[in-house]
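Listed below, chain by chain, are the residues.
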Amino acid sequence: MEHLCPSPMKATSNGIFQGDNPLDFALPLAILQICLVLVVTRGLAFFLRPLRQPRVIAEIIGGVLLGPSALGRNKGYLNAIFPPKSITVLDTLANIGLLFFLFLAGLELDVKSLRQSGKKVLAIAVAGISLPFALGIGSSFILRETIAKGVDATSFLVFMGVALSITAFPVLARILAELKLLTTNVGRMAMSAAAVNDVAAWILLALAIALSGDNLSPAVSLWVFLCGCGFVICASLIVPPVFKWISRHCHEGEPVDEIYICGTLAAVLAAGLVTDIIGIHAMFGAFVIGVLVPKEGPFAGVLVEKVEDLVSGLFLPLYFVSSGLKTNVATIQGIQSWGLLVLVIFTACFGKIVGTFIVSLLWKIPKNEALALGFLMNSKGLVELIVLNIGKDRKVLNDQTFAIMVMMALVTTFITTPLVLAVYKPAEKLSKSDYKHRRIERKNPNTQLRILTCFRSSRNIPSIINLLEASRGTERGERLCVYAMHLMEFSERPSAILMVHKARHNGLPFWNKGQHSANHVVVAFEAFQQLSQVSVRPMTSISSLSDMHEDICITAEKKNIAIIILPYHKNLRLDGSFESTRPDFHLVNKRVLEHASCSVGIFVDRGLGGSAQISASNVSFSITVLFFGGHDDLEALAYGVRMAEHPGVELNVVRFLVESDSSEEIVRIDTGGTPAATVVSADEEFLAAFRTSISEDGSVKYEEKNVRDVSETITILRDYSRCSLFLVGRTPNGVVALALSQRIDCPELGPMGSLLTSPEFSTTASVLVVQQYYDNLYANSSHQMVED
């Protein structure tokens with residue numbers, strides 16, 4: 001029977017008014033296909049998010065649903081939306097997306113860190129490849145006897161081995177970030193082992209492709225393989241020097257010349273063309289270029305930024321659909337087929353998990369960590385689909401085998417997250433450790449103060465360092481220990497993996513002190529450490545915004561922190577007002593205030609000390625504490641007293657007293673369940689001790705102001721608006737504070753913080769809003785609060 005080729009489609013239509021059906025033309029049909037794919041895959045990703053599944057799962061399922069397995073059972077839909085004549089255009093677009101995605105995947109792989117991988121990681125990676133490869137070869141014999149009769153034995157054997165031994169490095173990195181395991185021992189080993197695994201998989205894949213040509217002559221396969229090796233060697237000699245030269249011409253913070261970006265993208269396509277001519281898939285050339293581009297300097301980051309959204313967001317989902325259109329789950333029918341599916345899933349999981357587990361135990365890794373490593377290494381994803389698609393295109397895998405292998409990839413990746421969560425919970429290791437100093441106010445003010453300060457970008461760093469310099473108190477720097485945490489948002493983008501690499505390269509969670517790092521953030525904190533003799537440890541938290549607060553709170557607990565200092569979620573504009581660039585950070589601050597097991601401060605930065613870091617001898621700050629009463633105000637005052645020890649700090653403490661004619665309103669004060677008398681006595685006791693201690697100190701002034709209402713309070717505040725920093729409690733007590741709380745704009749800042757940051761109050765002073773750690777343990781001994 002003769003097959004008629006479908007006539008080629010024209011690119012654009014004349015429109016429905018001229019009698020054309022747009023779906024008979026390539027461009028409108030491609031646009032409809034892309035939109036449909038995006039809606040389905042993003043919709044599925046949204047629904048799967050509560051299950052903590054990586055986006056690749058949604059994309060694979062979306063592809064299968066749009067293909068003949070589900071919606072494609074309706075032939076009318078399949079012929080209208082995905083007619084056979086449109087598949088070439090769809091596949092071409094998908095493969096261009098794949099080409100650039102694998103270039104990005106190559107950029108994600110840091111070859112230097114692979115060289116530094118220890119024997120342990122290498123052993124885990126080898127075990128994670130060799131046992132599944134062997135089992136893949138074993139299962140290939142069973143499949144050839146049953147559903148894959150007549151295919152070329154050698155290439156089928158290698159394809160099956162590669163398909164079972166792959167670990168999807170990009171997918172694994174996202175799972176680790178989602179589960180907060182990137183910075184753990186398990187996460188570091190899994191990332192390094194998966195990277196080694198990835199490189200080995202690509203070499204094996206190149207071998208499999210070389211063996212799977214239509215020409216069965218061994219000489220042809222040998223030529224393909226030798227030419228592939230020649231291409232890699234030539235690229236290794238030419239590409240790195242060229243890109244190093246480009247990197248030298250790109251400077252941090254300046255736009256990269258468009259010619260460099262364009263030249264790089266052209267080089268990626270040219271490399272793809274060369275490997276395609278050789279007979280290895282075009283994506284192999286793109287991957288090699290990505291690996292060879294140097295990761296240092298701003299160029300790699302800019303390159304990823306320019307390419308990733310279009311590729312990952314638009315083109316790549318097309319690849320999953322093009323796979324889905326080749327997958328027909330209906331071909332898996334009968335006990336034999338389902339039995340083979342179970343066999344393939346079992347051998348894939350058994351090989352990866354058992355191989356990794358046994359070798360990990362031999363290297364003295366604890367059982368639960370070894371098991372978690374095995375589950376993590378079992379995750380599959382895009383690379384797996386690429387192998388299967390090439391196998392399908394080269395006629396090595398038939399429809400039924402292909403469907404079974406796609407289902408295997410889906411199941412093994414889907415079970416990774418729940419299994420890892422079941423056996424390994426690093427957060428659980430953190431019992432509610434009982435440490436003494438969870439706040440600044442304490443019995444002995446000479447004990448070490450431990451601060452965790454968080455920042456999102458480098459723009460706040462000079463102000464944060466100036467605040468820390470003031471917090472140092474006396475010249476004895478060892479009394480202050482600072483952990484500086486860089487909050488980085490982890491996303492589904494490839495650049496997030498690059499970010500992880502940079503952080504891990506710096507020895508996450510701490511930057512290595514030994515290595516000279518070009519990171520200007522680290523340089524600033526190292527300079528402060530040397531000048532001030534203060535212990536500063538920079539760290540990086542890479543997590544999604546929904547659970548960033550967990551990183552902050554767990555770190556505070558682990559490091560016995562007394563106060564967490566968070567950046568205000570709005571940035572200062574040139575006209576002095578605040579604008580919210582990322583409102584999501586407002587939720588991070590809110591959750592930390594709720595969950596932290598120590599005191600918390602929110603720092604509203606108006607350029608404390610100007611835009612540069614000030615040396616200790618030049619510090620000249622005027623700090624004002626506004627005291628209304630209550631636990632939070634006591635904490636703000638305790639912080640102020642500590643700052644006043646610094647020779648360059650002047651402290652003004654302003655206590656607001658309500659005049660007697662409004663005293664009958666005091667009964668309405670909300671003191672959070674603590675009897676008003678207790679709060680008042682704690683205030684009086686602390687203030688009495690404070691006044692006694694400052695009697696000889698000329699740099700500290702204490703004033704009491706009688707006020708009747710809010711307007712009088714604001715008038716008095718204006719007299720202090722020229723100071724450098726306001727220290728205020730988040731929930732002050734008193735009638736005036738209660739009246740002010742009726743107009744709170746931002747609940748995290750409380751009434752005073754909201755007033756001092758509102759447009760109607762003109763000041764250039766920064767504000768630190770403090771919430772004291774307070775629980776029942778302290779409540780029971782609240783009459784001893786002064787001493788505690």
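Structure first, text after, so check above.
Here's a quick rundown of the structure. (Residues numbered from 1 in each chain as written. Predicted model: local features only at pLDDT ≥ 70, side-chain atom pairs only at ≥ 80, totals over all residues. Heavy atoms only, no water.)

## As for the overall build of the protein
Counting its regular elements, the protein contains 28 helices and twelve strands. Going through the 788 residues of the protein one by one, you find that 55% of them count as buried. By sequence separation, contacts in the protein at least 24 residues apart represent 80% of the contacts at least 6 residues apart. Within the structure as shown, the protein displays about 33600 Å² of accessible surface, and the carbon and sulfur contribution to it stands at 60%. (Helix = DSSP H or I, 4+ residues; strand = E, 2+ residues; numbered from the N terminus. Buried < 20%, exposed > 50% of the residue type's maximum accessible area, 1.4 Å probe, protein only. Contact = heavy atoms within 4.5 Å. Areas by Shrake-Rupley, 256 points an atom, 1.4 Å probe, with all protein chains shown as cover.)

## Considerations on the pairing of strand 1 (residues 449-455)
Taken residue by residue, a regular strand's side chains alternate between the two faces of the sheet. Of all seven residues that make up strand 1, six are buried, and the element is covered over most of its length. In this structure, strand 1 lies alongside strand 2 (residues 480-489), joined through seven bridges in parallel fashion. In the strand pairing of strand 2, Ile-451 is matched with Val-482. (Pairing = 2+ DSSP bridges.)

## Focus: the packing of aromatic side chains
Applying the stated criterion across every chain yields a total of eleven aromatic pairs. With centroids separated by 6.1 Å and ring planes inclined at 70 degrees, the aromatic side chains of Phe-690 and Tyr-702 adopt a geometry described as edge-to-face. Within this pair, whereas Phe-690 is found in helix 24 (residues 676-693), its partner Tyr-702 is found in strand 10 (residues 700-707), the two being separated by twelve residues in sequence. Measuring from centroid to centroid gives 6.5 Å for Phe-726 and Phe-761, while their planes differ by 70 degrees, and the two rings are edge-to-face. Of the two residues, Phe-726 sits in strand 11 (residues 725-729) while Phe-761 sits in the loop between helix 27 (750-757) and strand 12 (766-771), which places them 35 residues apart along the sequence. As far as the burial class goes, Phe-726 and Phe-761 line up, both buried. A cation sits over an aromatic face here: Lys-392 above Phe-402, 5.9 Å from the ring centre. Directly above the aromatic system of Phe-585 lies the positively charged group of Arg-456, at a separation of 4.4 Å from the ring centroid. (Phe/Tyr/Trp six-rings, centres within 6.5 Å; stacked < 30°, edge-to-face > 60°. Lys NZ or Arg CZ within 6 Å of the ring centre and 35° of its normal.)

## Some remarks on the pairing of strand 8 (residues 621-627)
Along strand 8, six of the seven residues are buried, which leaves the element largely enclosed by surrounding structure. Pairing of strand 8 with strand 9 (residues 649-658) involves seven bridges; the strand directions are parallel. The residue bridging Phe-621 from the neighbouring strand is Val-649, located in strand 9. Handedness of the β-α-β unit built from strand 8, helix 23 (residues 631-644) and strand 9 comes out right-handed. As defined by bridge partners, strand 8 adjoins strand 11 across four bridges and the pair is classed as parallel. When the sheet's bridge partners are listed, Ile-623 is paired in strand 11 with Leu-725. (Right-handed = clockwise from strand over helix to strand, strands pointing away.)

## Comments concerning the pattern of salt bridges
With the rule as written, the count across this model stands at ten salt bridges. A salt bridge links Glu-684 to Arg-655; its shortest N-O distance comes to 2.7 Å. Highlighted residues: Glu-684 in helix 24 and Arg-655 in strand 9, separated in sequence by 29 residues. Among the ionic pairs, Arg-655 bridges to Glu-704, the shortest N-O distance being 3.8 Å. Note that Arg-655 is positioned in strand 9 and Glu-704 in strand 10, a separation of 49 residues in sequence. What you see here is one network of salt bridges that share partners, running through Arg-655, Glu-684, Arg-691 and Glu-704. (Salt bridge = Lys/Arg side-chain N within 4 Å of Asp/Glu carboxyl O.)

## Topic: helix 8 (residues 169-178)
Three- or four-residue spacings in an α-helix give side chains the same orientation, since the helix completes a turn every 3.6 residues. Of all ten residues that make up helix 8, nine are buried, and the element is covered over most of its length. Looking at the residues trailing helix 8, positive phi occurs at Lys-180, about 60 degrees.

## Considerations on the nonpolar core
As a rule of thumb, nonpolar side chains are buried together in soluble globular proteins. Residues Phe-82, Phe-103, Trp-202, Met-283, Phe-299, Leu-376 and Ile-386 are the most contacted members of the largest nonpolar core, which totals 149 residues. Per element, the largest residue contribution to this core is 16 residues, and it comes from helix 9 (residues 185-211). Discounting residues that sit within four places of it in the chain, Met-283 has contacts with Leu-98, Leu-99, Leu-102, Trp-202, Leu-205, Ile-386 and Ile-390. Formed by 51 residues, the second largest nonpolar core is a distinct cluster that contains Cys-454, Met-539, Phe-726 and Phe-761. (Core = buried A, V, L, I, M, F, W, Y, C linked by side-chain atoms within 4.5 Å.)

## Description of the sheet that holds strand 3 (residues 535-543)
The strand order across the open sheet built from ten strands is 3-2-1-4-7-12-11-8-9-10, with neighbouring strands paired in mixed fashion. Of all strands in the sheet, those bounded by a partner on one side alone are strand 3 and strand 10. Taken pair by pair, the neighbouring strands of this sheet meet at an average axis angle of 20 degrees, ignoring direction. Looking at chain direction, strand 7 (residues 599-604) and strand 12 are connected through five bridges and run antiparallel. The residue bridging Phe-603 from the neighbouring strand is Leu-768, located in strand 12. Packed on one face of the sheet, helix 27 meets strand 7, strand 8, strand 11 and strand 12 and runs near 150 degrees to strand 11. (Axes fitted to C-alpha atoms, helices over the stretch in contact; angles between N-to-C directions.)

## Examining a nonpolar patch on the surface
A cluster of nonpolar side chains, namely Ile-233, Leu-237, Ile-238 and Val-242, defines an oily patch on the protein surface of about 410 Å² accessible area. One can find Ile-233 in helix 10 (residues 218-248). Overall, the relative accessible area of 52% leaves Ile-233 in the exposed class. (Patch = residues over 30% accessible without salt bridge, like charges linked within 9 Å, V, L, I, M, F, W, Y side chains within 5 Å.)

## Points about the environment of Ser-766
Positionally, Ser-766 belongs in strand 12. As for Ser-766 and Leu-608, which are separated by 158 residues in sequence, their C-alpha atoms are 6.0 Å apart. For Ser-766, the contacting residues outside a window of four places in its chain are Phe-603, Val-604, Asp-605, Arg-606, Gly-607, Leu-608, Ser-724, Leu-725 and Phe-726. There is a polar contact of 2.9 Å between the side chain of Ser-766 and the backbone nitrogen of Arg-606. (Polar contact = N/O pair within 3.5 Å; in protein donor to acceptor, adjacent residues only side chain to side chain.)

## Structural notes on unusual backbone geometry
Despite not being glycine, Lys-395 has its phi angle at roughly 65 degrees, a positive value. With respect to the helices, strands and loops of the structure, Lys-395 is situated in the loop between helix 16 (382-393) and helix 17 (399-423). Classification of Lys-395 as exposed rests on a relative accessible area of 66%. With a phi angle near 55 degrees, Asn-560 is a residue other than glycine that sits in the positive phi range. Tracing the chain through its elements places Asn-560 in the loop between helix 21 (548-558) and strand 4 (563-567).

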